[in-house]
Each structure stands twice: as C-alpha cells, then as structure tokens.
Amino acid sequence: MRMSVIGCGYLGAVHAAAMASLGHDVVGIDVDAQKVAVLTSGAAPFFEPQLAELLQEGLASGRLRFSTEMSEASGAAVHFIAVGTPQISGGHAADLRFVDAAVDALLPHLRRGDVVAGKSTVPVGTAERLSTAVADSGATLVWNPEFLREGWAVHDTISPDRLVVGVPSGDDGERAADLLREAYRPAVEAGTPFLVTDLATAELVKGAANAFLATKISFINAMAEIAEAAGADVALLADALGHDTRIGRRYLGSGIGFGGGCLPKDIRAFAARAEELGRAEAVGFLREVDSINLRRRDRAVQLVVDALGGLVFGRRIAVLGAAFKPFSDDIRDSPALDVAVRLRGLGADVIVTDPAALDNAMAAHPQLGYAAERDEALRDADAVVIVTEWDLYRREMTPEHAGSLVAGRVMIDGRNCLDAAAWRAAGWTYHGMGRR
Ligand code: UDX
C-alpha cells in the first residue's frame, strides 16, 4: 500500500520506517530539510534503538524515502499526520498549529477515497473540526492515536498493545477502518486488538491513557512521601501492590517522577481541554498528579543537601543521568537535569554524565559541569546522585568500584534502582526515595 507520513519527528520517522518494514511503499515528508537529509542518509536524527537499521533496510529496499515536498504525498492511499503538538507558550493547552498546517498543505494533494489518519496527540474535538475540510476533498479523516514509548518506539510501532482507529459514521468510515486494518495487517494477524471507535473516543483514549499512566507514577510517589514519614519502604510496597493483578507492578517505579516530551505536557493539555468542555472538576486530580510529580524533584535535592550536612556549596556532586529516561537522548522536561540544575543553583560543583544525552544537555545547560565517562564524573565526588536508571549505573557499577573513585561514599538513588543493602554493606551511606 502507498502511504505518506507527514512530520518526521520521533513519531513520524519511526512510523514511516516501520510501515516500510511491513512491506508498504512509504514517503516521509517534513518541512525541515536537514532532518530529511539525515533520514535519507539512513541515520536516525535522534537516539532510538533499532531505528537506523530499519531506515537503512527501508531505503535500500526502495520502499522508503523522505522529502520536503508535500506534493510527494499524491497517490498515497493513507496519509498519516504525525506532527508535534507542543504546549502553547504561556499556557497549558496544546498548540495545534502544526497539525492545522499539515492538513491544510495536504488538502490539494488528496484524491477521492484517500484516508487521512491523524496520529498526533490532540485535544478531543480536533478530528471533528478537521474532518469537514478533508471530506470536502473527497477523502476521509480518521484518528489513529500512537502510544509508543521512546526507547521502545520501533517495537511499540510494529507490535503495539492495541490499535485504535476512530472513524466517522457511515460507509466512508467503514471503508477507512478496513484500509487501516489492511495497513496494520501483520500486527492484526498476530492478534493485536484492533478497536474501531468514533473520532472523539479515539482522541480520548490517548489522553486517558496518558492521564492514567501519569497518575499511576504519581500515586506510587505519593506513597513514597507517606513511606518516608512513616518509616516504610515504597519499593517493597510497590512489589506487594504489584502482585495484585488488578494493579500490576508496571509503571509503579518510584523516584524523581516522570518527565519527557509527552506525559507532562499531555496531562496539562488534557486538563485544559476538560476545562474548555466545562468539566475541569472531572480531572482536577491531574493538577495533584503534576504537583506530586514536581515535589519529588524537590525531595531529591533535599536528600542531597541533608546527606552533605545541610550545605552543598562548593561540594562536588556526580549526577548520573541527564535523559528523562534510559534508552533515550531526550532531555525535554527531564527530571534528571532539573535536579542537576537545582543543585548547581545551590552552588554545588555538579558533574553530569549520560551515555546518550550529554550533547543535548550541554547545549541546553552550559552552566553545568560535564563528564563524558561515568568514572570521570565519579572521581573525587562528595556525593553521587542517580537520576536516570541506565544499566551503566544500575547494573554495571559496583559499590566497590565506585567507592574507589569517590571522595565521599554518599549515594542518593533518585530512581530506587540499586540494591540498598549491597551499597550499605560496602560502606556507603545510601538514600533512596521513600525507602527506609
Ligand atoms: C509515554 C507513554 O508511555 C506513551 O504511551 C505515550 O505515547 C507518550 O508518553 P515516554 O514519554 O516515551 O512515553 O516514556 P515512558 O516510558 O512512559 O516514561 C515517562 C516518564 O515516566 C519517564 O520520565 C520515566 O522515567 C517515568 N517513569 C516511568 C517513572 O517515573 N516510573 C515508572 O514506573 C515508569
């Protein structure tokens, strides 16, 4: 099937490469000529496992290409809209200008029977608003939200937990759903649930999923606050809760909380949209979710200050991690970097290291100290803070080895990812987040 993918960021670049790997003939279109050049050379413009291999395979097979020209979308049966929906400046709502611009630019190239499939995360009601203009060109607009996680983007695109397609009522909607089922055939045949809904429900599934996931993380982090006050251990609590199959252990990782380019902005946009709909009270809890999340960053900084006797000025602190999570070079709204910046603001001599996100961090926060290698960051540190749970810190760093490099054996485990007993046994003062 011929397809176009409009917008080649995290979502679009992966989607284009993944669709080509399923055997489709795909053109990825982006207004950024440099991004198009990088993708055309077979390189991933950002850190994402397996993406470069997939791009190279697609380009070599002739089934995948990239362009800055919207006219290249002509002739495709499905046009995926995968542009960004950032937070508007000075507010919480989603900025839809890229979605609107992409659909406007695509309209002249649509043929009767084409399907335009929105993948971007949008406020509920957006698809309905866009559908009239698309229908006027004889095409059908559907909404097919994307749930991929950075670092697992290729896996999540090729083998998603579920596929959701919101379609308009009537024959056109049914035909569009059939076309998308065909587009995702390998996943559907492998048993992936394929759910057909109305447009608004499909948009809402994405908002609701993000809200639920953010709530789950803030829930366990709220329990960490209680555990701290009560002398309990939130990591053991999470294990025990997780055995309840109605709750499940995944996404109960306590620590410095969530960040990244999606969850924080998406839950704020979701709440802003609920307010527009006159239902602010229905998602009032999301404000709490956001506050709990931000409080964990304060708490991590406080733990470091306390561990160093109340003053960090001039003390050398190794900050292990900059990316908002492992397997990513993304530093957007990274809790890891936020903690580093705050410690620097208190006058600490902060040395940040990260196996993937160092260049991005250096460009965004030139005031911080940096080390390319973990051991360089550890050398002579008065305290060590783990803020991104890369294996390099979590599994591959022993207390003995780290202890031979640092000046003071003080470990603040901002991700609750270390074996506290092993570190204590090796003479370290270990502090987790919400752990005894
Ligand atoms: C998320 C959603 O998972 C995805 O479905 C949606 O489409 C976009 O947003 P992503 O931002 O890539 O994906 O990362 P995710 O793995 O969900 O992690 C988000 C943040 O939550 C990270 O900062 C991570 O460290 C944090 N997190 C995650 C926790 O603090 N605890 C956990 O248990 C899980």
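Residues numbered from 1 in each chain as written. Predicted model: local features only at pLDDT ≥ 70, side-chain atom pairs only at ≥ 80, totals over all residues.

(A) Highlighting the overall build of the chain. Helix and strand counts for the chain stand at 18 helices and 14 strands. For a compact globule of 436 residues, the expected C-alpha radius of gyration is about 22 Å, and the chain comes in at 23 Å, within 12% of that figure. If you line up the chain on its principal axes, its C-alpha atoms span 70 × 50 × 40 Å. When burial is assessed residue by residue, the chain has 51% of its 436 residues classed as buried. Partitioning the intrachain contacts of the chain with sequence separation of at least 6 by distance along the chain shows that 71% fall at a separation of at least 24. (Helix = DSSP H or I, 4+ residues; strand = E, 2+ residues; numbered from the N terminus. Rg over C-alpha atoms; globule rule 2.2 N^0.38 Å. Buried ≥ 20, exposed ≤ 12 C-beta atoms within 10 Å, placed from the backbone. Contact = placed C-beta atoms within 7 Å.)

(B) Region of interest: the site of the ligand. Of all residues adjacent to the ligand, which total 19 residues, the nearest are Glu150, Gly253, Phe258, Gly260 and Cys262. For the shell around the ligand, the element with the highest residue contribution is helix α9 (residues 199-230), accounting for three residues. Among the residues making up the shell around the ligand, the classes are represented as 10 nonpolar, six polar and three charged. A domain split of the shell around the ligand shows at least three residues from each of domain 1 (2-196) and domain 2 (207-288). (Near = placed C-beta within 6 Å. Nonpolar A, V, L, I, M, F, W, Y, C, P; charged D, E, K, R; others polar. Domains from an automatic or database assignment.)

(C) The environment of Ala37, seen in detail. Structurally, Ala37 is set in helix α2 (residues 33-40). In the structure, Ala37 is positioned 29 residues away from Phe66 in sequence and 8.0 Å away in space, judged by C-alpha atoms.

(D) Representation of the domain arrangement of the chain in the model. On domain assignment, one finds that the chain holds domain 1 (2-196), domain 2 (207-288) and domain 3 (291-431). A straight line from the C-alpha centre of domain 1 to that of domain 3 covers 37 Å. Contacts between the two partners involve five residues from domain 1 and, on the opposite side, seven residues from domain 3. Here the side of domain 1 that touches domain 3 is built from residues that sort into three nonpolar, one polar and one charged.

(E) Expanded view of the nonpolar core. In terms of nonpolar packing, the biggest core is built from 141 residues, with Val304, Ile317, Val384 and Val385 touching the most fellow members. The greatest single-element share of this core, amounting to 10 residues, is contributed by α9. Ignoring any residue separated from it by four or fewer positions in sequence, one finds Val304 in contact with Val312, Ile317, Leu343, Ala383, Val385 and Ile412. (Core = buried A, V, L, I, M, F, W, Y, C linked by C-beta atoms within 7 Å.)

(F) Just the pairing of strand β2 (residues 25-29), in detail. Of all five residues in β2, four are buried, a share of seventy percent or more. In this structure, strand β1 (residues 2-6) lies alongside β2, joined through five bridges in parallel fashion. Bridge pairing in β2 links Ser4 to Val27. In this fold, the crossover linking β1 to β2 by way of helix α1 (residues 10-21) has right-handed handedness. Across four bridges, the pairing between β2 and strand β3 (residues 64-67) is parallel. (Pairing = 2+ DSSP bridges. Right-handed = clockwise from strand over helix to strand, strands pointing away.)

(G) View of helix α12 (residues 285-307). Look at α12: 33 Å from first C-alpha to last across 23 residues, which is about the 33 Å you get at 1.5 Å a residue. Following α12 by one or two positions, Gly309 adopts a phi angle in the positive range, close to 80°. (Expected span 1.5 Å × (residues − 1).)

(H) Examining helix α5 (residues 126-136) more closely. By the burial criterion, the buried members of α5 are Thr126, Ala127, Leu130, Ser131 and Val134. Seen along its axis, α5 keeps its buried residues to an arc of 120°; they face one direction. Every exposed residue of α5 that faces more than 90 degrees away from the buried side is listed here: Thr132 and Asp136. Packed against the buried residues of α5 are α4 (97-106), β5 (115-118), β6 (140-143), β7 (163-166) and α9. Just past α5, the residue Gly138 takes up positive phi, approximately 85°. (Arc of directions from axis to C-beta.)

(I) Broad picture of the pairing of strand β10 (residues 349-353). Counting buried residues in β10 gives four out of five residues, a clear majority hidden from the surface. Sheet analysis places strand β9 (residues 316-320) next to β10, joined by five bridges and oriented parallel. Each bridged residue has a counterpart across the sheet, and for Ile317 the counterpart in β10 is Val350. Bridge analysis of β10 against strand β11 (residues 369-370) gives two bridges, and the strand direction is parallel. Residue pairing in the sheet places Val352 in a bridge with Tyr370 of β11. Since β10 and β11 lie parallel, the crossover through helix α14 (residues 358-364) that links them has a hand, and here it is right-handed.

(J) Representation of the UniProt feature "domain: UDP-glucose/GDP-mannose dehydrogenase C-terminal" (unreviewed entry) in the chain in the model. UniProt marks residues 318-420 with the feature "domain: UDP-glucose/GDP-mannose dehydrogenase C-terminal" (unreviewed entry), using the numbering shown here. End-to-end, the C-alpha atoms of residues 318-420 are 18 Å apart, and along that stretch the chain is 34% helix and 17% strand. (UniProt positions renumbered as here; feature names shortened; annotations may be inferred.)

(K) Here's a closer look at the environment of Arg273. Mapped onto the elements of the fold, Arg273 is located in helix α11 (residues 263-276). Arg273 sits 167 residues away from Leu106 along the chain, and the two C-alpha atoms are 26 Å apart. In this structure, Arg273 is in contact with Pro123 and Val124, ignoring residues within four places of it in sequence.

(L) Geometry of the confidence of the model for the chain. Per-residue pLDDT for the chain has a mean of 97; in total, 100% of the residues score no lower than 70. Scoring the predicted complex yields pTM 0.96 and, for the interface, ipTM 0.98. (pLDDT = per-residue confidence, 0-100.)

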